Amino acid sequence: MQLSSPERICLAGQNVDVLIIGGGINGIAIARECARSGKKVAVVEQNDFASGSTSRSTRIIHGGLRYLEHGEIALVRHSLRERERLLRRYPHLVRSMQFLLALNSDQHTLMRSPLAVRAGLWLYHRWAGAPATIRNHADEFERRLEAGNSWCVYRYDDAQCEFPERLVAEWLAEAAAFGAVVCNYTQALEILCQNGKVTGARLRDTTSCREFEISAPQIVNASGPWADFVLRSSGIGSKPLVGGVRGSHILLPQFPGSPHNAIYAEAQDGRQIFVIPWNGQVLVGTTEVADSGDPGKTYPAPSEIDYLFEGFSRLFADSGLTKNDIRYAFAGVRPLPYSPGKNIAEVTRKHKLHDHAQDGARGLISIIGGKLTTAMGLAREVARKLGIANEEPANVLAAVAPANGIESTLKQWAHLVACRAQIPECSAEAIATWHGRRALAIACAASLHENLRRPLCDHSDHIVAEAIEAVMHESAVTLADILLRRVPVALGPCWSETCSLDAATRVGAVLGWSPGEMHNQFERCEHERRA
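One structure accompanies this document, and this report is about it. Keep in mind that this is a model prediction, so the values were computed, not measured.

Quick word on the pairing of strand S10 (residues 218-221)
In step 1: Here S10 shows two buried faces, one formed by Gln218 and Val220 and the other by Ile219 and Asn221.
In step 2: Judged from the three bridges that link them, S10 and strand S18 (residues 364-368) form a sheet pairing that is parallel. Each bridged residue has a counterpart across the sheet, and for Val220 the counterpart in S18 is Ile365.

Concerning the sheet that holds strand S17 (residues 352-355)
In step 1: Pairing within the open sheet is mixed, and its six strands lie in the order S6-S2-S1-S10-S18-S17. Looking at strand neighbours, the two that pair on one side only are strand S6 (181-183) and S17, the edges of this open sheet. Direction aside, neighbouring strands of the sheet carry axes that sit 15° apart on average.
In step 2: Across three bridges, strand S2 (residues 41-44) lies against S6 in parallel orientation. Note that in S6 the partner of Ala42 across the bridge is Val181.
In step 3: Contacting strand S1 (18-21), S2, S10 and S18, helix H1 (residues 25-36) crosses the sheet at an angle of about 170° to S2.

Here we look at the sheet that holds strand S7 (residues 186-194)
In step 1: Taken together, the three strands give an open sheet; going across it, the order is S7-S8-S9, and neighbouring strands pair in antiparallel fashion. The outermost strands of the open sheet, each flanked by one partner alone, are S7 and strand S9 (210-215). Averaged over neighbouring strand pairs, the angle between their axes works out to 25° when direction is ignored.
In step 2: In this structure, S7 lies alongside strand S8 (residues 197-205), joined through eight bridges in antiparallel fashion. When the bridges of S8 are listed, Glu190 appears paired with Arg202.

Section: the nonpolar core
Note on soluble globular proteins: their nonpolar side chains tend to be buried together.
In step 1: In terms of nonpolar packing, the biggest core is built from 50 residues, with Ile423, Leu456, Ile482, Leu483, Val489, Trp495 and Val507 touching the most fellow members.
In step 2: Of all the elements in the fold, those that place two or more residues in this core are helix H10 (403-421), helix H11 (425-435), helix H12 (439-446), helix H14 (464-473), helix H15 (479-486), helix H16 (497-511) and helix H17 (515-530).
In step 3: Apart from residues lying up to four places away in sequence, Ile482 is in contact with Ala467, Ala470, Val471, Ala476, Val487, Pro488 and Val507.
In step 4: Within the second largest apolar cluster, 41 residues are counted, among which are Ala29, Ala31, Cys34 and Leu386.

What to know about the packing of H1 against helix H9 (residues 375-385)
In step 1: Put simply, H1 and H9 touch, their axes get as near as 8 Å, and they point 50° apart. Taken together, H1 and H9 sit at an angle that is classed as oblique. When the axes of H1 and H9 are compared, the crossing they make is right-handed. Here Ile25, Asn26, Ala29, Ile30, Arg32 and Glu33 of H1 lie close against H9, whose contacting residues are Ala375, Met376, Leu378, Ala379, Arg380, Val382 and Ala383.

Considerations on the pattern of salt bridges
In step 1: Scanning all chains against the criterion turns up 27 salt bridges.
In step 2: The salt bridge involving Arg530 is made with Glu497; its shortest N-O contact spans 3.8 Å. With Arg530 in helix H17 and Glu497 in helix H16, this residue pair connects regions lying 33 residues apart in the sequence.
In step 3: Exposure remark for Arg530: the relative accessible area of 55% places this residue in the exposed category.

Notes on the environment of Arg83
In step 1: Within the fold, Arg83 resides in helix H3 (residues 73-89).
In step 2: Measuring from C-alpha to C-alpha, the distance between Arg83 and Gly63 comes to 7.2 Å, with 20 residues separating the pair along the chain.
In step 3: What Arg83 contacts, discounting residues up to four positions off in sequence, is Ile61, His62, Tyr124, Ala128, Asp157, Asp158, Ala159 and Thr373.

Calculation notes
Residues numbered from 1 in each chain as written. Predicted model: local features only at pLDDT ≥ 70, side-chain atom pairs only at ≥ 80, totals over all residues. Heavy atoms only, no water. Buried < 20%, exposed > 50% of the residue type's maximum accessible area, 1.4 Å probe, protein only. Helix = DSSP H or I, 4+ residues; strand = E, 2+ residues; numbered from the N terminus. Pairing = 2+ DSSP bridges. Axes fitted to C-alpha atoms, helices over the stretch in contact; angles between N-to-C directions. Contact = heavy atoms within 4.5 Å. Core = buried A, V, L, I, M, F, W, Y, C linked by side-chain atoms within 4.5 Å. Parallel < 35°, antiparallel > 145°, perpendicular 65-115°, else oblique. Left-handed = near helix turned anticlockwise from the far one by under 90°. Salt bridge = Lys/Arg side-chain N within 4 Å of Asp/Glu carboxyl O.

Honestly, it's all geometry; don't read function into it.
Printed below as a string of structure tokens:
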């Protein structure tokens, strides 16, 4: 069985109502919101969707306890509302997770007293519409803390999105279903203006190096840490809008006593640090270092890796791990508002919408800031700024289904679909976990041919049919797009070069790749995975 990849959409000469530059979680959320309101939308991304800051985050969906401490109450309440909406609408991708807040009792201040902390956590729960049931001890974790230190440990609830890349892929498919034109590997070279108003943009298809223009009376610069780069290339404005902050992370293997809950603590210098179970591994982050370089070429400094491992070791001194056990490190740049003279910790985490009318570019809006949790809320705000009438969704304070209830439903569904689609139950469950409402269509497609039912590699539950879905409906172009951002099996603890080669061969057989193309796709995927 062979299928052909869909042809790339040509935007040359097209007229759209709204052009969105940037295909991270904010850009795709905005495209989805505008398209569902009936606007003719195009969204372009210079690399692959979700390949920038979105895929280099700490992968939590949270209100932000630190923001509460800094007095950003409105941001915390907004974030908590958005967290609850994500939990209810995307339960296969966004899951509740218990967090443990560990504070060193030797550093108590009035704002860090047990009473103040419990009061803050009570408010945190109430604003989320959750029962205010907080216990201030976690004995199992306390026993594993470094001997000789005195800690206070508190429990609270937040959420995790293990794969925000999948959330972007789902919104991307929804935006396209509403009529949006979505183009990755398309670089914005220049925003075009005439008589003080934007008229469109000059773009380049980086796969063919062809340059062309598109007309649009409204443009959203949602390129995140690249926002100033886009503006400078167009000669718009003179002052920087983004103060880039690099956040680095390290990945460690699981170890005896690995945390089942997420740990929010403070590193040796008092800054926040998270230790989170993620994808069969342990994720440790993050740092905050000013970074004004190319966001696509940012990497953790050795000092940041040392800092993160030392912070981890303060909490888990008996883990038995050394720095040699670090599987890999990665960094992303957060596009915080440019705030010269301010300490990074003092810069607001609330996003800003910058209207460029005074810069001679009426109709252009730049998004500064934003985070995974608030992407849908930001999209609604941008849509209103563009003149699209929409309303805030009603708050539903019904209890979120317990995780074990969701897992039970998945297992029942997997049993039924496995029989119908002739695939193992573990594969049916894996498909449901990552693809939600599209899972049944993928499973049914798998039933059509044995090549579609093959696992992506010999030890994976995920199958070739998911990769084909990524190409046909989620704009994946390369094998790296598939394995890192649509069916992100290559982020798992046991993935290797052999796995990538198996996947290239099996996916290529269905898509009709030549042996040379299979090898090129394999090499490109491994290069990106190593980076």
